[in-house]
Amino acid sequence: MAADGGPDSTGLAKSYRPAEQEPRINALWSEAKCFEARPQSSAAPYCIFIPPPNVTAALHLGHALNNALQDALSRHARMKGMDVLWMPGTDHAGIATQTVVERRLALKGQRRTDFTREAFVAQVQAWKDEYEATILGQLREMGASCDFSRTRFTMDPVCATAVRAAFHKLFEDGLIERGRRLVNWDPASRTALADDEVEMRDVDGRMWYLRYPLEDGSGHITVATTRPETMLGDTAVAMNPRDPLAAGLRGKRVRLPIVGRVIPIVEDDYVVMPVSRGGDPADAKAGVATGFLKVTPAHDPNDWEIGRRHALAAINVMGPDGAISDRHGWTDVSTEARAFVGKSREEARKAIVQWFKANNLLEDEKPWRHAVGHSYRSGVPIEPWLSEQWFVKVTDDRLRGAALRAMEPAQFDGKAPAGNAPGDGQMKFFPARYAKTFQQWHENLRDWCISRQLWWGHRIPVWSRVAQGEAATIGANAPEGGTMVAVPSAWSKQGASHRVRRRDDGSLEELLCLPANADALAAEAERAGFTQDADVLDTWFSSALWPLSTLGWPTPDAFPGMGGLLERYNPSAVLSTAREIITLWVSRMTMFNRHFLGGKVPFRHVFIHPVIQDGFGQRMSKSLGNGLDPRDVIHSHGADALRYTLLDMTTDTQDLRVPVEMIDPHSGETFTPEYTRAPSGHQVAAPVQKSPKHASKTMVSSYGATSGLATPSEAQPLARNTSSRFDIGRNLATKLWNATRFALSNAPEPAASVDPATRPALDRWILSRVARAVQRADAALADYRFSEYAAACYDALWRDFCDWYLEAAKPSAKSDPERQAVMLASLDAIVRLLHPVMPFVSEALWPALQQRRASSVVKGLALPASKMLAVAAWPVAAASLVDAGVEAEFERVQALVDAIRNVRGERQVQPRRMIRLGASVRVQSLCNASDGVIAAMAGLSGVVGIGEARGPGSAVFAFDGEECWLDGLVDQVDTTAERARLEKVVADRRRAAEGYRGKLSNAGYVAKAPPKVVEETRAMLASAEADLAAAERAIGGVAGHLMRTMFAIALATLCACAHTVQKPASSGEPVQTSQARQPSQATQPSAPQAAAIVPNAVRSSTPWDDGGGPGVRVRTEHYNLHLAVKEPAFRGSLPGYMEACNCNNAYATALGPLPVPSEPLDLYIFPSREPWEAWTRKTLGKEAGVYLALGRGGFTSDGVSVLYDIGRVDTLTIAAHEGWHQFSQLSLKHPLPTWMEEGLACWMEGTRQTRDGSPTAFRPWRNFERWNELRNAVRENRLIPLGELLGNSPQQCLEKGKDRLLTYYAECWALIHFLNEGEGGKYHDKLLQLMQDAAQGRIAGRLIASRAIANPVQRQQAVKTRVGNAVVLEYFNPDFAAFEDEYQRFIEAVAKRGAGDRIFRGESPLTEMSPVPAAPAKPPVK
RNA sequence: GGGCGCUUAGCUCAGCGGCUAGAGCGUCGCCUUUACACGGCGAGGGUCACAGGUUCGAAUCCUGUAGCGCUCACCA
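Cut-offs applied
- Residues numbered from 1 in each chain as written.
- Chains lettered and ligands numbered in written order.
- Predicted model: local features only at pLDDT ≥ 70, side-chain atom pairs only at ≥ 80, totals over all residues.
- Heavy atoms only, no water.
- Helix = DSSP H or I, 4+ residues; strand = E, 2+ residues; numbered from the N terminus.
- Buried < 20%, exposed > 50% of the residue type's maximum accessible area, 1.4 Å probe, protein only.
- Contact = heavy atoms within 4.5 Å.
- Areas by Shrake-Rupley, 256 points an atom, 1.4 Å probe, with all protein chains shown as cover.
- Axes fitted to C-alpha atoms, helices over the stretch in contact; angles between N-to-C directions.
- Parallel < 35°, antiparallel > 145°, perpendicular 65-115°, else oblique.
- Left-handed = near helix turned anticlockwise from the far one by under 90°.
- Nonpolar A, V, L, I, M, F, W, Y, C, P; charged D, E, K, R; others polar.
- Core = buried A, V, L, I, M, F, W, Y, C linked by side-chain atoms within 4.5 Å.
- Domains from an automatic or database assignment.
- Pairing = 2+ DSSP bridges.
- pLDDT = per-residue confidence, 0-100.

> Sorry, what's going on with the overall build of chain A here?
In terms of helices and strands, chain A carries 50 helices and 49 strands. Split into buried and exposed, the 1422 residues of chain A put 56% on the buried side. Here the analysis covers contacts within chain A between residues at least 6 apart in sequence; of these, 71% occur between residues at least 24 apart. Summing over all exposed atoms, chain A offers an accessible surface of approximately 57,400 Å²; the carbon and sulfur share of this is 52%.

> Sorry if this is basic, but what is going on with the packing of helix α23 (residues 727-746) against helix α25 (residues 786-813) here?
What describes two packed helices is the angle between their axes and the distance between those same axes. Packing of α23 against α25 brings their axes to within 11 Å, and their N-to-C directions diverge by 25°. Put simply, α23 runs roughly parallel to α25. As for how α23 packs across α25, the hand of that crossing is left-handed. In this structure, α23 contributes Ile728, Asn731, Leu732, Lys735, Leu736, Ala739, Phe742 and Asn746 to the contact, and α25 contributes Tyr794, Leu797, Trp798, Cys802, Leu806, Lys810 and Ala813. Among the residues forming the contact of α23 with α25, the class breakdown is 11 nonpolar, 2 polar and 2 charged.

> Honestly, the side chain of aspartate 71 in this entry has me stumped. Any pointers?
Inspection of the secondary structure puts aspartate 71 in helix α2 (residues 61-79). The residues touching aspartate 71, leaving out its near neighbours within four places in the chain, are Trp86, Gly143, Ala144, Ser145, Arg643 and Pro836.

> Hey, could you run me through the nonpolar core in this one?
The nonpolar side chains of a soluble globular protein tend to be buried, and buried together. Of all hydrophobic cores here, the largest spans 208 residues; its most connected members are Phe167 and Phe541. Among the elements that line this core, the one with the most residues is α25, at 16 residues. Residues lining this core come from more than one domain, with at least three contributed by each of domain 3 (735-882) and domain 4 (890-1031). Beyond its immediate sequence surroundings of up to four residues, phenylalanine 541 is in contact with Val163, Ala166, Phe167, Leu170, Val392, Trp448, Ile450 and Phe592.

> Teacher, can you tell me more about the sheet that holds strand β7 (residues 198-213) here?
The strands making up a sheet associate through hydrogen bonds between their backbones, and the pairing can be parallel or antiparallel. Taken together, 3 strands build an open sheet; the order of strands is β8-β7-β13 and the sheet is antiparallel. Single-partner strands in this sheet number two, and they are β8 (220-225) and β13 (362-375). When the angles between neighbouring strand axes are averaged without regard to direction, this sheet yields 20°. Sheet topology places β7 next to β8; 6 bridges connect them, and they run antiparallel. Along β8, the bridge assignment pairs tryptophan 208 with threonine 225.

> Mind showing me how you'd approach the confidence of the model for chain A here?
Per-residue confidence for chain A gives a mean pLDDT of 72; residues scoring 70 or more make up 71%. The weakest mean pLDDT in chain A belongs to helix α40 (residues 1220-1228) at 22; the strongest belongs to strand β1 (residues 45-49) at 96. Under a pLDDT of 50 for its full length, residues 1-5 has, in the predicted model, 6 contacts with residues more than four places off or in other chains. This stretch, residues 1179-1422, has a pLDDT under 50; its non-local contacts, to residues over four places away or in other chains, come to 452 contacts.

See below:
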């Protein structure tokens, strides 16, 4: 065998190939005879009668669906230990089959009548044999577990016996009658049709207005008609008695043109009045009606009724071919009318219209669209034709009433008919709504015409002759109307029903209806001058007997092996059928079964399956070429895939769509064809399609071939249809195959016995899931929810067993025999569960699985050994296996794994990379309890405490309201991605929490909703809030780094500033251009100085520096940073920017060209995202980590403000501009943290002047003293190293700072520490929330940061446009008091420790910056 | 015209008073890890046709509108 296809150590090939297995397995089943019913067994019987497919053609996808469903039910029942009889068979389909055979003859130029009846029937028989074989073969291919040994055909001797017996009994019971009535006549097939064999089609016809002269010559009346040719048979004109004209015409008569017949004007409510005379304008008919209706009882069902009401004659003017004829009841043929005799319907119509025109009697003519009945076989318009036919009086209460009484009372619409007879109320519909259809159909029922003028079918078992002897005597008193009168005679003594009746022409007819097996009697009758009726029975007559005939009724003992079947298998369990069948077949089976079997219903349940349509919602049909051949699907996907997919689609909807695709014969590729519109208006695949692979090659679509628009050839072959819908089934079969292979290779020696109670949670979990799957499957099948059953199988196998159990058990299975036993037992149960829908693959795997696990027992899961899966027992799981506790626990495990995988996925961590989880004690214990499952599934190398040290690239996530982290995800730190991920989580959780809060804040909800629901909501809220808090803390962790970095920056900036301002400090003026050209080493802080500010910080040798702010390179504990504090006013490229600097800025020009960093940095800090974002992308080929902007909204600043503005999660802008005060007042209403205000103020003042060279209200050196202090602090090394502060409490920081250094810095750090880790966490959260809200547009942070928005009107507008309904004030107010309180407490706490009143007195330097100079208050530094 | 049903993610469909509206396929990203690429992990994607109403709460119930499908009836 090929390396990739051969069996491995498990003995199973590497992949499942349906074509290799299916025939083999079919043979296996067949040899074992495992689908044969066991009538002698003690098992409970379960029976399904297949709706016998017509032998007209091969099975289509609809059949495949129905049979897949029945097979699933049958196999399920069989595995549950029932004695199953799924009765297969085919239907002779009288007219349909005869028509196809006749059509074939027609191709050879032959007609039915060229043969004797026997010879023709033989030809049909040959066709039937061929298709019956095809159909049965298809059933086997699909894996249908029918009892093929009992296959029936509706015309075989057994069924024929039943037909004869049934007819005889109905005849005997007076439920069959013969009469001359108007029937649906197919002039092409020359047979009567039942109502349901007629299909209505809209036709563009014309409405002609014919004048009929009044007999007395006083004028004429006008009738409207679409069928002028029938006027030859008119026997009256009708008008509505309420017609204003009625009084004047009452009693008058009309002389019928052409014919000259004088006919009455009758009055009948049926007649629609024209709108002009009081007709209903809404009635379309009233719009065209004249108020006078020609009445032709012999050629219109409604006229027939009018005729009956008014005792009118019915004059039949046509023959069986639809041509005008004087030989079928028309006697008063005038000379003028003679000219029309012999003309076809169509010719006669033209001629008559022409005649009326010529005689000036055609008043008008209009186009008129209306529905016309057509024969569903020959397609020609149906002629309502008066003829003598056989009828079953289905309207008799013994039939119709019995059918209605069979309905389950609860499903009856209205008051259910009372009934206590056997079988009453025992039939139930699934889905329930079809009960209504069933019921309504019966309410409009008409007697059922059962005679067909065909040769193919059951010949009517009635012999007749002109009445003789005693029949004639008795018949002499027979009533008009054809009622049959019993004749006691020698014939009746021999079992015949002997009747006599008066025919319409008055003659007496003597009839003998012979029972089954009365050939001798028939011969005798024929010798006595009786002849058998030439007609055959409607196919449905024999179909209606299906549940009886297949079981040998009425004489099961007369047939070998059929004794006792009837009692055992009727009623059957369920009839599964299509919607269109419900009205006729279900009803007729019910009527007959109940009538012949003492009230027994034929089936307890009726399941109506959906109709499969193509992707456009059109019925699949041969002529549209949009059908799918089940054989093609079996070929491409396998029988199991076909079956599974069909079941999966079977929801309780009415229709389901299967988009049809095509297979390119050139490449084998599946593709969606080009569509076009057929003349009928249907969407069809264009006749010729281009190969998707080779544009030059073409193919013919099914539609192209059937419509004749394209002819397949070698160069342009016919393309097969397919649908990728079936992939799902194929994939599942493959999954099952591979899962089994894997399980077998991992379970070499399963323990002989396992008590689940002693097993770890993982094993108890899968057993619990399996037990639930069994329950779910059983419940679904019990209600015919096939899709639900399919889903139960899918979830059990794929989701639970493969995705979780196998993956989790991988590392341990081989060394744990008990686990192996559990694994194999679970799989065994799942394989059994799948068998009814995927019989082949499951059976194919069975021997290997059985061999390995047969002797192994898992307590509570009954899986008795069996040689063959088809007859193996359905799994039985003890209730004790269902363990809600272990499932809940495992759900937590799954949730944690999902959370970790989510991080891995988002961060694109390689699957192989093992990572470390840091978690709380609680989560750690979950991991430990999971028996290594979490580690295995999430790829963990270890689990440690949350407080353990971790690397810079770690990611934090929230689980169960707790914070966890993952370390070792990546080699390169990417804070941006991490923040982005966390922001998403936070947004999601916050949305959820807000939703719950909204609910709970609704008083009505809390008061009126069920307490349980409210409780659930509370729990959900708590959980969401906990997750939110954890995620936010996680962001805090990230933010903490940011904050630290920011402060490093702030410090470095200040440091740089101190240098920058050194000269101005001495001279009072900015440096001059000439001096600034060369970077002055003297202005650079020394490395030790920088290091003193930020541990490991190295100031760049060539600082980016300009008037907008200093640049500095800082290496911190985590980051390699380059800070460039730039003005957003410059929107050009970096060189351009430098150019601008060179031109405009004294400092910048002094520094020379701006160097592009030679090594990648982790953090670039810019004043605003653009244009720097673009710059970093261009220069560095990526978006550099964090854009932390220290800058202002605009250059012409005239004040200082600070505002967090996270334009994106990765951009933190600290904007400074004059809008702050207003913003502060408007929204924040709290003082800016002192450190920030001061720091920014210092920075601003130290760096921002001279940009435009113009003196502004801004006074550059206002805070010079402060800068001087800083500078001195740096110089004198009095600055506290941040490293020293890290890890210290705020108090400690302050302690240290009090004596040693500028309290300012201590305070900064203390605050940061407080914010990040101390009790100020909430405060921190508030700040973060503020940032995030701004980032997500919930507040107009960004907008407000600009000066223009300080204008209330514009701000409002901006708020509207940018943040929708968020209103800045309202948004913050609810919680802001707490915010302020927090801050206040902090201030106090720090103040108490004597950190110095200057810093905490709440005075803002901003006040000094108002346009009106005020004396700066500068308390001395302690 | 009567009856039944449908309209939810790009597609096919679940859900049918209360989880943040789900699945499969398709899409995007990562992964050929010793069961499975007919695979694994992750992501993105929805004003539940529209408009009213009932309800604490509506995709879900009611009414109406529009579109679609099936079915029965309709030969003035």
